[in-house]
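# Descriptive analysis of the structure
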Amino acid sequence: MSLLEVRDLSVHLDRPLVSGVDLTLERGGTLGVVGESGSGKSLTCRSVLGILPPELRTGAETSIRFDGVELTGLDAAGWLPYRADRIGAVFQDPGSYLDPSERVGRQLAEVLRVRGGLGRRAARDRARELFAEVGLHASTVDQYPYELSGGMQQRVLIAIAVSREPDLLIADEATTALDVTVQAEVLDLLADLRERHGLALVLVSHDLAVVAQVCEEVVVMRHGRVVERGTAAQVLRAPEHPYTRSLVAAHARFGIEHVREARLV
Amino acid sequence: MVSLGRREILHEVDLTVRPGEIVGLIGETGSGKTTLARSLLGLNRIERGSARVAGVDVAGLRGRALREFRRAGAVQYVFQDPLQSLDPDLPVGRSVGEAWEVRGAADVAGRVAEALVRVGLDPDLAARLPSEVSGGQRQRAAIARAMITSPRLLLCDEPVSALDASSRTAVLELLLDLRSSVGQLFISHDLGSVAGVTDRIAVLYQGRIVEEGPTAQVIGEPQHPYTHLLVGSAPTLGGESMSRHDRAALRAQL
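Source: prediction; values computed, not measured.

## Structural notes on the side chain of Glu21(B)
Structurally, Glu21(B) can be placed in the loop between strand 2 (7–10) and strand 3 (22–26). A residue is classified by how much of its surface remains accessible, and Glu21(B), at 9% relative accessible area, is buried.

Following this line, the structure appears as structure tokens:
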């Protein structure tokens, strides 16, 4: 049984925004979802997390099975054991997911107390351990979000997301707003966490190359549909859909590959 | 040297952009790249040194002379967000043609149409509001607005960072196409994304240029550890360009 099986996902407003999306992710696996704004990649993630905006609904035919349990149709109480506890998520703009008036260590400790049932002291100690695990100095627990760089804020959110030891982490454009060297650090961290905890990872990005760093399987979305899927190596070396081909061609023309290849000739 | 308040932001920066050349200025958050670009427009005071643009030393300009220099449009700025230069309440054509309108030029509408065609846009776009056109079209309109004063230098500050893949390619092709008309300083945090458009690259780190040279040389044989880390951090389609271990070792050297 796969960890995550999405079958025939559709999301509707007055018209379909996402149609016919199938995704499969094994326990401990990595899946990259590539697409530009409006491709439906974020709505797909939000469907899996059960956090679609209220005006949107998934289609009657949609099935989202997580560890064998059907998630569509769950009510708020039904979601509790899944969202955050077994399916964690981080998003593009870390600043807007942190309380600006609370020290970041307390924000993590609160999750551990409320969701994990830890006592005050145990939660504080565990928060320090988790901060160390995501590469933050222990003294960071006493800092406020505004004192941290974007990369550090994202590490705090990753610590919070993995604190409940989820089976699946969804990173939706989680490195997009970061400098490239910081992006590389955060991608390295996600790869480390995956190895250490057997975490399955869905990495969503507009950049095919970012996904290629971390993921074994890739789906490419456009206009609400999956237009290409395969292993990362297949999709990058022999892209079939014209859109995927244009993404690969753009890298070859303007990216660092351009210079590398020119030097080889 | 450029300082803001009492803190020195840029130190001993030497940089040349020749006509017909695109020079990449690569730096991350806080490196001073935007401060440098603003200094070339006289928006930040240059304390020491000179910045000559088309024969005029911007560092020596004050007050009215500086305003006149800016109004003449020898240096133009292309922002990451085109709405920094297009008025959201005005039709695109009005923003593009503003400099001509202000000077009372004849046949502004005709010239705007020409300017739009030059950047690959349908002249009918002139009548639409910025919110009614795509992000890529907005950025091209912003470039059209920058080009109407026949600038000698275009400061492109992360011009494609906010764009989708398809519009990104179109805007990069446009900048390459404009290269013969105007020298460009292409500012970005991502060395990988500008490799294919720049003739030379300068790497700015903590307010200093730590490396400068032809693009192929800087990427192929980076000398400074920071440049090496930038190259090793740039995502490529070939998968990891450098191992996690090697990146960590380079970070330790900085």
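## Examining the sheet that holds strand 10 (residues 217–222) of chain A
Residues and elements named next belong to chain A. Read across the open sheet, the six strands follow the order 7-8-9-3-10-11; overall the sheet is mixed. At either end of the open sheet lies a strand with only one pairing partner, and these are strand 7 (87–90) and strand 11 (225–231). This sheet shows a mean twist of 15° between the axes of neighbouring strands, independent of strand direction. Here strand 7 runs beside strand 8 (residues 168–172); their pairing, made up of four bridges, is parallel. Among the inter-strand pairings, Val90 is bridged to a residue of strand 8, identified as Ala171. Each of strand 3 (30–34), strand 7, strand 8, strand 9 (200–205) and strand 10 is contacted by helix 1 (residues 41–49), which is oriented at about 150° to strand 8, the strand it contacts most. Strands in contact with helix 5 (residues 150–162) are strand 7 and strand 8; relative to strand 7, the strand with the most contacts, it is inclined by about 170°.

## As for the pairing of strand 3 of chain A
Residues and elements named next belong to chain A. With five of five residues buried, strand 3 lies mostly within the body of the structure. Covered by surrounding structure in strand 3 are Thr30, Gly32 and Val34 together with Leu31 and Val33, the residues of both alternating faces. Looking at chain direction, strand 3 and strand 9 are connected through five bridges and run parallel. Directly across from Val33, in strand 9, lies its bridge partner Val204. In the sheet, strand 3 pairs with strand 10 via four bridges, with the strands oriented parallel. Each bridged residue has a counterpart across the sheet, and for Val33 the counterpart in strand 10 is Val219.

## What about the sheet that holds strand 3 of chain B?
One key point about sheets: their strands pair by backbone hydrogen bonds, in either a parallel or an antiparallel sense. Residues and elements named next belong to chain B. Spatial ordering of the open sheet is given by 6-7-8-3-9-10, a layout of six strands whose pairing is mixed. Looking at the sheet topology across the chains shown, the edges are occupied by strand 6 (75–78) and strand 10 (208–214). Looking at each pair of strands side by side, their axes are set apart by 20° on average, direction ignored. Examined bridge by bridge, strand 7 (residues 153–157) and strand 8 (residues 183–188) share five bridges and lie parallel to one another. Bridging across to strand 8, Asp157 finds its partner in Ile187.

## Considering the interface of chain B and chain A
Put simply, an interface is often sized by how much accessible area is lost when its parts join up. Contact residues are listed per partner, giving 38 residues for chain B and 34 residues for chain A. By the criterion of area lost to chain A, the three top residues of chain B are Pro235(B), Leu237(B) and Arg244(B), representing 25% of everything that side buries. Connecting chain B to chain A are five salt bridges. Note that Arg247(B) and Asp188(A) form a salt bridge whose closest N and O atoms lie 2.6 Å from each other. At the junction of chain B and chain A, the tally comes to twelve residue pairs in polar contact (both at pLDDT 80 or more). Sorting elements by how many residues they give to the side of chain B that touches chain A places helix 7 (residues 165–178) of chain B first, with seven residues. Each residue belonging to the side of chain B that touches chain A can be placed in one class, and the counts come to 15 nonpolar, 13 polar and ten charged.

## Digging into the packing of aromatic side chains
Residues and elements named next belong to chain B. For the structure shown, the criterion picks out five aromatic pairs over all chains. Centroid distance Tyr205 to Tyr226: 4.1 Å. Interplanar angle 20°. Geometry classified as stacked. You can see Tyr205 sitting in strand 9 (residues 200–205) and its partner Tyr226 sitting in helix 10 (residues 225–233), a full 21 residues away along the chain.

## Things to note about helix 10 of chain B
Of all nine residues in helix 10 of chain B, eight are buried, a share of seventy percent or more. Regarding helix 10 of chain B, the residues found buried are Pro225(B), Tyr226(B), Thr227(B), Leu229(B), Leu230(B), Val231(B), Gly232(B) and Ser233(B).

## Description of the nonpolar core
If you look at the biggest cluster of nonpolar residues, it comprises 51 residues, and the most contacted ones within it are Leu108(A), Phe131(A), Val156(A), Ile158(A), Leu203(A), Leu208(A) and Val218(A). With seven residues, the top contributor of residues to this core is helix 5 of chain A. When residues no more than four places from it in sequence are discounted, the contact partners of Val156(A) are Leu98(A), Val104(A), Phe131(A), Leu136(A) and Leu148(A). Counting residues in hydrophobic clusters, the runner-up holds 50 residues, among them Val133(B), Val171(B), Leu174(B) and Ile219(B).

## Some points on the environment of Thr176(A)
All names here are of chain A. Here Thr176 is to be found in the loop between strand 8 and helix 6 (180–197). Residues Thr176 and Ser205 lie 29 residues apart in sequence; the distance between their C-alpha atoms is 7.6 Å. If we ignore the near neighbours within four places in the chain, the residues touching Thr176 are Gln92, Gln183 and His206. Of note is the side chain of Thr176, whose polar atom sits 2.4 Å from the side chain of Glu173.

## Some remarks on the pattern of salt bridges
Close approach of charged atoms allows side chains with opposite charge to pair. Taken as a whole, this structure holds 31 salt bridges over all chains when the rule is applied. Note that Asp167(A) is salt-bridged to Arg86(A), the shortest N-O span being 2.7 Å. Of this pair, Asp167(A) sits in the loop between helix 5 and strand 8 while Arg86(A) is found in the loop between helix 2 (76–79) and strand 7, placing the two residues 81 residues apart along the sequence. With a relative accessible area of 19%, Asp167(A) lands in the buried category. For the salt bridge of Glu212(B) with Arg200(B), the shortest nitrogen-to-oxygen distance reads 2.4 Å. With a gap of twelve residues between them, Glu212(B) in strand 10 and Arg200(B) in strand 9 connect regions that are remote in the sequence. Exposure remark for Arg200(B): the relative accessible area of 12% places this residue in the buried category.

Rules behind the numbers
- Residues numbered from 1 in each chain as written.
- Chains lettered and ligands numbered in written order.
- Predicted model: local features only at pLDDT ≥ 70, side-chain atom pairs only at ≥ 80, totals over all residues.
- Heavy atoms only, no water.
- Helix = DSSP H or I, 4+ residues; strand = E, 2+ residues; numbered from the N terminus.
- Buried < 20%, exposed > 50% of the residue type's maximum accessible area, 1.4 Å probe, protein only.
- Pairing = 2+ DSSP bridges.
- Axes fitted to C-alpha atoms, helices over the stretch in contact; angles between N-to-C directions.
- Contact = heavy atoms within 4.5 Å.
- Buried area = accessible area lost by both parts, 1.4 Å probe.
- Salt bridge = Lys/Arg side-chain N within 4 Å of Asp/Glu carboxyl O.
- Polar contact = N/O pair within 3.5 Å; in protein donor to acceptor, adjacent residues only side chain to side chain.
- Nonpolar A, V, L, I, M, F, W, Y, C, P; charged D, E, K, R; others polar.
- Phe/Tyr/Trp six-rings, centres within 6.5 Å; stacked < 30°, edge-to-face > 60°.
- Core = buried A, V, L, I, M, F, W, Y, C linked by side-chain atoms within 4.5 Å.

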